[in-house]
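Here is what each chain is made of, one letter per residue.
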Amino acid sequence: MSASDTIVALASGGGTSAVALIRLSGPQAESISDQASSGAASSAQERRATRAKIRDAAGRVIDDVLLTVFRGTRSFTGEPAVEIACHGGRLIVRRIIERLLECGARSAGPGEFTERAFLNGKLDLTQAEAVMDLISASSDLALRAAHEQLEGGIGRRTAALREDLIGLVAHLEAWIDFPEEDIDPDTGDLFRGRISAAQEGIAALLSTAEQGRVLREGVRTVICGRPNAGKSSLLNLFLGCERAIVSDEAGTTRDTIEEMVVLDGIPLRLVDTAGLRDEAGGVEREGMRRTLMEAERADLVLVVRDASLPPAESEIELPATGKARIVTVLNKADLNVDPAWGGNNGVKISCTSGEGFPDLRHAIGEALDLGEADWGEHAVAINTRHRDCLRRADASLAAADALLTTAQPPELAALELREALEALGEIAGKVDAEEVLGAIFSSFCIGK
Ligand SMILES: Nc1nc2c(c(=O)[nH]1)N(C=O)[C@@H](CNc1ccc(C(=O)N[C@@H](CCC(=O)O)C(=O)O)cc1)CN2
Ligand SMILES: Nc1nc2c(ncn2[C@@H]2O[C@H](COP(=O)(O)OP(=O)(O)OP(=O)(O)O)[C@@H](O)[C@H]2O)c(=O)[nH]1
Ligand SMILES: [Mg+2]
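For the protein, an unreviewed UniProt entry supplies the name tRNA modification GTPase MnmE and the organism Luteolibacter rhizosphaerae. The Sequence similarities (unreviewed entry) field of the UniProt record for the protein holds the comment "Belongs to the TRAFAC class TrmE-Era-EngA-EngB-Septin-like GTPase superfamily. TrmE GTPase family."

Rendered as structure tokens:
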């Protein structure tokens, strides 16, 4: 499959920079670049940075650049491509792209280069997704998981599962189609054992979904407590800057404030909220409603209490927190800690002095239980699309197993197995009936 048009886009970040990278991909990449560079592209050596001048239609120089030409399928996109490294001014970038459009290129849509790489067989779907994960990774662990996926980690694991199932379908269908060949039906325990082994493989992948979500979106961490407990001060302490307004006026924070931080390699999406109190009205009430909504969706709730007050005065009725872990933070430990706090097992800290902050970070790590140790060597973490495909595959395998257990016609079980294969194939973006046929002929030598 190959695209007929040539796309162009800025590949580096917007804004002003020392150098910017403009990318062209498609069959006319080289000829379009030639028009804009007085033939410099076609006289350039393949995959070698070559000095050139980009000129407008009137022949005036727009910029002095480095061109790199990728010929044939030897490029990221698997089709002819040209990269132009120009000076990173906004106007320069705009003028060069305008010139390339004038010469016959079209503006690329979002993800279109990677989509082409997929369509040209350079990447499977999980690898294409990994490119995005890689770019948006906000922590070392997320980066590792994205790298593993870009290297084909998930693709390999689903391919192995598919291979097992293809063997199974081949066996079952050969038996259906050629009963006279005297193939051992093998639909008893052995056959079902292979189905359940595949289900175990699926379950192992599915069990990484939660980590995948956390790595991609961050642990939703909601800071809640009574007004003035120091919630916004805690957010600021995490960020190391005065992001949220802090004041001794109770009810300062009205709307939720969200910021990402990374704690020992784990991304946290921190949400500062409006304080919870019974006597609130008007805007503050609306703020509280938002706090409760956030708490319900949280993975982790940090309950901030003012340790300089007696426990009863900083007590909050904890909102419904779904499945969130809860860590209690006893703030203002620099003041006189009310003796009644004695036996409370919250983490004592001072947001003003920073004292006790390492203990809090440690307590959060423990509560989340997401440390390096759990990652093993291969940091595979599936995304929601993979999860949905895996769940469908698992349901089909369960159905196939049930059909075989109740001695239904093998055709029905074969259909379910094919459904499972298709669902697994969707993960890497391939669905291919030929594969099953190939396995039948190669392993059973039918027609000899
Ligand atoms: N300048 C530049 N830097 C970049 C990219 C790019 O496209 N251009 N990348 C884009 O995301 C990443 C690197 N990934 C790449 C992947 C494949 C090929 C490539 O040319 N593949 C050919 C040749 C293989 C080889 O010689 O190793 C191929 O697969 O046939 C290039 C970059 C990050 N840095
Ligand atoms: N002594 C002391 N004061 C603190 C500490 N943390 C916060 N404060 C003070 O407590 C007051 C309230 O702090 P905020 O961070 O605004 O409290 P909040 O929980 O966000 O309050 P609302 O947004 O109104 O719900 C401010 O005057 C802070 O300076 C602390 O560790 N020690
Ligand atoms: Mg606040």
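**So, the domain arrangement of the protein**
Taken domain by domain, the protein holds domain 1 (7-119), domain 2 (153-208 + 382-443) and domain 3 (215-374). A straight line from the C-alpha centre of domain 1 to that of domain 3 covers 49 Å.

**Quick word on the site of ligand 2**
Inspection of the region around ligand 2 gives 24 residues, with G230, S232, S233, T253 and G275 positioned closest. When residues of the shell around ligand 2 are assigned to their parent elements, the largest contribution, 3 residues, is made by helix 9 (residues 231-239). Taken together, the residues that form the shell around ligand 2 break down as 7 nonpolar, 13 polar and 4 charged.

**Overview of the site of ligand 1**
Ligand 1 sits among F70, T73, R74, S75, F76, E83 and K122. A breakdown of the residues in the shell around ligand 1 according to their chemical character gives 2 nonpolar, 2 polar and 3 charged.

**With respect to the environment of V327**
The residue V327 is located in strand 11 (residues 325-331) in this model. For V327, a count of 19 C-beta atoms within 10 Å corresponds to the partly exposed category. Sequence separation between V327 and L360 is 33 residues, and the spatial gap between their C-alpha atoms is 8.6 Å.

**Some details on the nonpolar core**
Core analysis: the largest hydrophobic core is formed by 71 residues, its most contacted members being L165, V169, I223, V301, V329 and L417. Per element, the largest residue contribution to this core is 9 residues, and it comes from helix 14 (residues 410-428). Both domains that furnish three or more residues to this core are identified here as domain 2 (153-208 + 382-443) and domain 3 (215-374). Counting 32 residues, the second-largest nonpolar core is a separate cluster that includes I54, F70, F118 and L123.

About the cut-offs
Residues numbered from 1 in each chain as written. Chains lettered and ligands numbered in written order. Predicted model: local features only at pLDDT ≥ 70, side-chain atom pairs only at ≥ 80, totals over all residues. UniProt positions renumbered as here; feature names shortened; annotations may be inferred. Domains from an automatic or database assignment. Near = placed C-beta within 6 Å. Helix = DSSP H or I, 4+ residues; strand = E, 2+ residues; numbered from the N terminus. Nonpolar A, V, L, I, M, F, W, Y, C, P; charged D, E, K, R; others polar. Buried ≥ 20, exposed ≤ 12 C-beta atoms within 10 Å, placed from the backbone. Core = buried A, V, L, I, M, F, W, Y, C linked by C-beta atoms within 7 Å.

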